[in-house]
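# A look at the structure
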Amino acid sequence: MEHISPVVHKWGLDFDFAAITMILVTSIIVLVLALLAVRGASVDKPTKMQNFLEWVIEFVINIIGTTMDVKKGRPYLILGLSLIMYIFVGNMLGLPFGIVTEAHHGATLFGLELDLKGEEEAHLAWWKSPTADVAVTAALTIIVVLLTHIEGMRRNTKHYFKHYFEPYIPFLPLNLIKEVSKPLSLALRLYGNIFAGEVMIGVIVSGLGWVGIIPLVVWQGFSVFVGAIQAFVFVMLTMVYMSQSIIHEEKH
Amino acid sequence: MDINWTTFGIQLVAFLLLLWLLKRYAFGPLLGIMEQRKQLVQDQLANAENSRKQASQHLEEQKQALQQARKEAFDIIEQARSTSSKQADDIIAVAKNEASRLKDDAVKDIESEKNKAIAALRGEVGGMSVKIASKIIEKQIDEKSQEQLVDQYLKEVSSK
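Residues numbered from 1 in each chain as written. Chains lettered and ligands numbered in written order. Predicted model: local features only at pLDDT ≥ 70, side-chain atom pairs only at ≥ 80, totals over all residues. Heavy atoms only, no water.

## Topic: the confidence of the model for chain B
Per-residue confidence for chain B gives a mean pLDDT of 87, with 98% of residues at or over 70. We note a pTM of 0.68 for the whole complex and an ipTM of 0.78 for its interfaces. (pLDDT = per-residue confidence, 0-100.)

Laid out in structure tokens, this is it:
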């Protein structure tokens, strides 16, 4: 049976408690990791965690460095760091286990009735990667893409407005499609990869049973790889879009 | 595929909050520390460069001082050598002078002694020859001639 999210309706909103829980858990893990690294941080005697976080910082600086001048990209360093840590931790969270409960019609959560999509009985998945929810990836993408547009207007005003009409005015629709496709591809790539990984885990576990342990381990290892790559790609593309937006390339 | 806009909004707010918290409490301080470390490393590199320069300068100075000392030592030895040879020459010259003076003195002494001896000998010989002559005369002169002689002396004395 398909797993559905535990959703309750209130004030005209749909509260997906699995997503909310996972967003909170991921945020707290990232925050605790970062705070642990900073606790007791020093200039000449870095702790292990500090070394780790500095390595992450260097990594993101390198990503920025491949797309634009590091000095220009400096303001986006903390955004990139937060994104890569949040997405990586989020991608990893769904891998090790899942929590599924069985609910019957009329079950409640915090005094609110769960939406079982009209079924009498449903399996609710409480634990998943937050990034396996398209709303989450869309929110992250919107932040990034809005920021690229704002920064483009602010720091590269003339070229920003001109680039919609390049090389000729009739190219406006194409340029607009390009601008729309950027957030779509960014959000859907991350969502698709992680969601597919979780679906595959679900299929292996429920379909193969004990025989599935070996393919499960293999698939989880691959998912770790995919999760890391997707976190990297998301931040990389963020910086690429940012550099396209704020840097006016001289024509030769 | 439908987007749960509530989740969307929650995620939006949550991520912005996370971003702010991380910036405020984690990455801000850590980046500051990294900047400080960069500064520290640069300072130390500059210090090392300075020390190296100073060391090479000192080495150069030491070398020059050594060269100077060597030259001075050589000069001193040279000077001592020339002084010693000069002194030796002086000593030899003085000794030669002394020797020749002594020789001259000796020659003079010998000369004067010889003269003295000759003079003394001459006196002696005169006296002896007088004595011999007087003895011969005593034997040979008789009364008569003695008288004559006495007379002659007397005459001589009286004529004076």
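Having put the structure on the table, let's press on.
## Things to note about a nonpolar patch on the surface
Together, Trp210, Ile213, Ile214, Val217 and Val218 of chain A make up a nonpolar patch on the protein surface, roughly 610 Å² of accessible area in all. Tracing the backbone through its elements, the reader meets Val217 of chain A in helix H8 (residues 213-246). (Patch = residues over 30% accessible without salt bridge, like charges linked within 9 Å, V, L, I, M, F, W, Y side chains within 5 Å. Areas by Shrake-Rupley, 256 points an atom, 1.4 Å probe, with all protein chains shown as cover. Salt bridge = Lys/Arg side-chain N within 4 Å of Asp/Glu carboxyl O. Helix = DSSP H or I, 4+ residues; strand = E, 2+ residues; numbered from the N terminus.)

## Observations concerning helix H4 (residues 77-93) of chain A
For H4 of chain A, spanning 17 residues, the distance from its first C-alpha to its last is 24 Å, which sits close to the expected 24 Å at 1.5 Å a residue. Taken across its 17 residues, H4 of chain A has 16 buried, putting it largely inside the fold. (Expected span 1.5 Å × (residues − 1). Buried < 20%, exposed > 50% of the residue type's maximum accessible area, 1.4 Å probe, protein only.)

## Some words on the packing of H4 of chain A against H8 of chain A
All names here are of chain A. One way to put it is that H4 packs onto H8 with a least axis distance of 9 Å and a crossing angle of 155°. Taken together, the axes of H4 and H8 are roughly antiparallel relative to one another. Considering only the axes of H4 and H8, their crossing is right-handed. Along its contact with H4, which presents Leu79, Gly80, Leu83, Ile84, Ile87, Phe88, Asn91 and Met92, the element H8 presents Ser223, Val224, Gly227, Ala228, Gln230, Ala231, Phe232, Phe234, Val235, Thr238 and Met239. In terms of residue class, the contact of H4 with H8 is built from 13 nonpolar, 6 polar and no charged. (Axes fitted to C-alpha atoms, helices over the stretch in contact; angles between N-to-C directions. Parallel < 35°, antiparallel > 145°, perpendicular 65-115°, else oblique. Left-handed = near helix turned anticlockwise from the far one by under 90°. Contact = heavy atoms within 4.5 Å. Nonpolar A, V, L, I, M, F, W, Y, C, P; charged D, E, K, R; others polar.)

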